[in-house]
Amino acid sequence: MDEVIQVTQWLSSITPRKKAKLFFFTTHADAPSPMVGSNDVDTHEETQLPLATTVALHNFKNIDEFLKKKVNTFSCYNVIENEITKTDYEYLRFYSACKYLDVVPPFLDLEKISAIQNKFEMTEEERDYRLLLDSADLVLEQVCDSLKPAGVSQMWTALRKDRNLIRGVKTIDIIGFFVDPNPTGIKECLFFFIVRFLQKADKINRVNTDRLERLIAQCDESSSCEEGKTIDFIIDSLRFYPTELYPFGFCLIMCVIEGRDGAMQEIEQTMEISRHLGMITHTEKNPTKETIELVKKELMKPKYQFYSSFTCWFMSHGDSNSMVLADGETIEREWFLTSFPDISTFQLKPKVFFMVSCRGANKFSLKGDEFEGQSATCDYYDIGSALIRNRMLDITDSVRDISYVQPMMDTLVAYSTILDHLSGRANTHGSIYVDRACVLMSENISRGRSLTEILEHLSQDLHEILQETMDEDRIVYKQACHYDTFLRKTLKLPYTRHPKEDVHSAPQ
C-alpha cells in the first residue's frame, strides 16, 4: 500500500484527544543536549503554532501535518552507527508516545528503534517503552484529564490577564480572548498550549510549577473539575516529583565487602527493595576511586536523561569525614556527595543518597542493670496566620527565576548515624540501618507515603533498637540516623510495583 495512504489511514484512526496528546508528548520540552543535530533555533513555530491554530479554528489540520512530517522524517531516516542525533531522540520519544497511547503506526520501522537503542547502549531492561516517556509530561496529562473544558478556559482567561507575560506573543492573539474548549480535543490542545507557553517563557519546568498551580487555583471548582476531583487534589498532584511510572529511577549500589560482616546481605536487601520499587539497578562490589570515576562517567551518557530519579546506596567503613574503600584508600564523604548531584543527566530530578558507614567512634551508651545483655544487633491560628500574611513581602514574578539551580538542589542525603558516632551492624545481616530501611520501604510501597515520612519512621524505629558493641566491653548503645534534604517537591514511593514488560519492548 502507498505510504501516503497508510499515513492518512493511520491519522484518521486516532481520536482528536489522542492526537493532541501525541503532539504534546512528541514536542517534549526538555530534550537531552548537547546532541548531534541540536541547535538553539527557536522551536516556537513547531511546538506552539499548531496548537494555537487548532484551538482557534477547531481544526486539527496543522497537527495532522506535523505528525505526517514526523512520520516521513523517520521513514527516510538512516540510523548512523556511532553518533546520537536529535532525530534519534525524537524517534524514541515518538515511538514511546505512540505505544503509550496505543496508536503505533503499523508501518513504523521498529528495527530502526532497536538500532537507536543500541546507540544509546540500552540494556534489555532499558528498552521498555515506559522508560522513554517523560514522567513530568505524564503528570501534566493527568492534570489535563482532571479538568473540564470550563476549567481550562478559566485558566486561559487568567493567563490572558497577565499582560507582562503575554505581551508581544503572536500565538496568544491567534487563539483570542474567548475560547470554546468543548469540541473534542480542543480542551487538551488549549491546556498543552498553556503548558508549553509557560515552559518556553521559563515560568515552569519539571520542578517549578508554581505559575501553573496559580492558574489552576483561580478556577471555579464547581464548574472546572471532573467528577471526583478537586482543585486542591489537582494542585497537590503537581507538588510531587514526577516519578510514578516505571522505572521509578536508576539505583546505584556501592558496597565494600572486605572486612564487613553481612555485606552480601546488605547488597541483597538493597537490590530487592530497589527492584520491588521498580528501579533499574546497578551494583558495584568493593568500589575504589577508579570505580567511582568510571561510574560518574557512565552516568553522563545520554540514556540516563530518560530516568526520572537517582538513588545511591554507599556502604562501607568510615569516620567523621571520610569513607574507606575496598583497597584501603579513603574518600571524603563531602566530595562524593557533591560530585554526583552535579551530573547533568539528573538535573531537576530527585537524587537520594543512603550513606551507610560509621562517622566516628562515639556511642550513646545505656547504663544500668536493666540493659545488661539486651541488644538486637484551630481559629486562633487562622487569625494569627492572616495577620502575619498581611505583613509579608509581596514577591512578584519579576524577581523570580527558575533558570539557574544550585547543584545540590533536589537532593536528599540519608545518614545511617549522626556525626562522630558508630553505625551498628549485625554479624549475619550487616547494617541494621539498611535492614530496617528496606523493611519500611517494602511495607509502605502501596500506601502513598513520601520518602521523608518513611525516613522519619526509620529514625524512630532504629532508635528503639538496643545494640551492643562487638568488642570485649560489650557496651549497649542506641543509634540515631538522620537526613539532610534539599528537595523542592515531595518524593513519594510508587503506589504499585511496576515490573518490566517485555511485550512493550522494541525488538532486539
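Computed from a predicted model, the values in this text were never measured in an experiment. (Residues numbered from 1 in each chain as written. Predicted model: local features only at pLDDT ≥ 70, side-chain atom pairs only at ≥ 80, totals over all residues. Heavy atoms only, no water.)

A. Spatial organisation of the overall build of the protein chain. The secondary structure content of the protein chain amounts to 22 helices and 13 strands. When the accessible area of the protein chain is evaluated, it comes to approximately 24,000 Å², of which 49% is carbon and sulfur surface. (Helix = DSSP H or I, 4+ residues; strand = E, 2+ residues; numbered from the N terminus. Areas by Shrake-Rupley, 256 points an atom, 1.4 Å probe, with all protein chains shown as cover.)

B. Focus on the side chain of Thr411. The topology assignment puts Thr411 in strand β8 (residues 411-415). Not counting chain neighbours up to four residues away, the residues in contact with Thr411 comprise Pro341, Lys351, Phe353, Asp484, Thr485, Phe486 and Leu487. (Contact = heavy atoms within 4.5 Å.)

C. Local environment of the confidence of the model for the protein chain. Averaged over every residue, the pLDDT of the protein chain is 86; the share at 70 or more is 88%. In the model, residues 376-385 has pLDDT below 50 throughout and makes 11 contacts with residues more than four positions away in sequence or in other chains. Segment residues 500-508: pLDDT under 50, and 27 contacts once partners within four positions in sequence are set aside and those in other chains are kept. (pLDDT = per-residue confidence, 0-100.)

D. Expanded view of unusual backbone geometry. Its identity is not glycine, yet Asp102 carries a phi of approximately 60°, on the positive side. With respect to the helices and strands, Asp102 occurs in the loop between α6 (86-101) and α7 (110-119). For Leu348, which is not glycine, the phi dihedral falls at a positive 65°.

E. Up close: the sheet that holds strand β6 (residues 351-356). The 6 strands lie next to each other as β2-β1-β3-β6-β8-β13, forming an open sheet whose pairing is mixed. Looking at strand neighbours, the two that pair on one side only are β2 (279-285) and β13 (482-485), the edges of this open sheet. Each neighbouring strand pair of the sheet contributes to a mean axis angle of 15°, computed without reference to strand direction. Both β8 and β13 contribute to a ladder of 4 bridges, which runs antiparallel. Paired with Ala414 across the bridge in β13 is Tyr483. Against the sheet, helix α21 (residues 432-443) engages β3 (310-315), β6 and β8, with an angle of about 150° to β3. (Pairing = 2+ DSSP bridges. Axes fitted to C-alpha atoms, helices over the stretch in contact; angles between N-to-C directions.)

F. Local environment of the UniProt feature "domain: Caspase family p10" (unreviewed entry) in the protein chain. As annotated in UniProt, the feature "domain: Caspase family p10" (unreviewed entry) corresponds to residues 410-443 in the numbering used here. Secondary structure over residues 410-443 splits into 35% helix and 26% strand, and the C-alpha atoms at its two ends are 25 Å apart. (UniProt positions renumbered as here; feature names shortened; annotations may be inferred.)

G. The arrangement of the pairing of β3 in detail. The element β3 is largely enclosed, with a buried count of 6 among its 6 residues. In β3, alternate side chains face the same way, and those of Phe310, Cys312 and Phe314 on one face and Thr311, Trp313 and Met315 on the other are all buried. Where strand β1 (residues 249-255) lies against β3, 6 bridges are found, and the strand directions are parallel. Counted as the bridge partner of Met254 is Phe314 from β3. Relative to β6, β3 runs parallel, the two being bridged by 6 bridges. Each bridged residue has a counterpart across the sheet, and for Cys312 the counterpart in β6 is Phe353. (Buried < 20%, exposed > 50% of the residue type's maximum accessible area, 1.4 Å probe, protein only.)

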